Amino acid sequence: MDTATIRDTLEERRSALDAELRELTAIPRDPAAAVSFGKRIGDGTTEAVDRLAKVGAAEQLAAMRADVVRALEKLDDGTYGLCDRCGGPISDERLDARPRSVLCVHCASLRLRDT
Ligand SMILES: [Zn+2]
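This is a predicted model, so every value here is computed, not measured.

### Digging into helix α1 (residues 3-25)
Reasoning step 1: With 23 residues, α1 should cover 33 Å at 1.5 Å per step; its first-to-last C-alpha distance of 32 Å lies within 8% of that length.
Reasoning step 2: Residues I6, L10, L17, L21 and L24 constitute the buried set of α1.
Reasoning step 3: Elements in contact with the buried residues of α1: α3 (44-77).

Below, the structure written as structure tokens:
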């Protein structure tokens, strides 16, 4: 993939993530407002579980978006395809499968263990 294609892919991904995040975070905080938005009444547990799931999803999306933004920065400064942690090359297969990769497989697995 050439750089322009990667940039297009990443920018599309960022817009899609922005849209998803907007939808997820557009949950009204005021219960009365939630009712007027057609939410279930008297089903607090389901509501809470639903909200937790949405918070989790929003966190995942935000983390994904941060990677996409970082990958775009790396395209700009010419370090795209190099690991942010160890500076080693990120494999082409990994970049093909996941263009937002900013860590090599090894460092990404370390980060997963950290969090
Ligand atoms: Zn690395």
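### Regarding the nonpolar core
Reasoning step 1: Ranked by size, the top nonpolar core spans 20 residues in total, and within it L10, L75, Y80, C83 and L103 carry the most contacts.
Reasoning step 2: Going through the elements one at a time, α1, α3 and α5 (105-114) are the ones with two or more residues in this core.
Reasoning step 3: The leading source of residues in this core is α3, at six residues.
Reasoning step 4: Sequence-distant contacts of Y80, that is, excluding residues within four places in its chain, are made with I6, L10, A71, K74, L75, L95 and P99.

Parameters and conventions
Residues numbered from 1 in each chain as written. Predicted model: local features only at pLDDT ≥ 70, side-chain atom pairs only at ≥ 80, totals over all residues. Heavy atoms only, no water. Helix = DSSP H or I, 4+ residues; strand = E, 2+ residues; numbered from the N terminus. Expected span 1.5 Å × (residues − 1). Buried < 20%, exposed > 50% of the residue type's maximum accessible area, 1.4 Å probe, protein only. Contact = heavy atoms within 4.5 Å. Core = buried A, V, L, I, M, F, W, Y, C linked by side-chain atoms within 4.5 Å.

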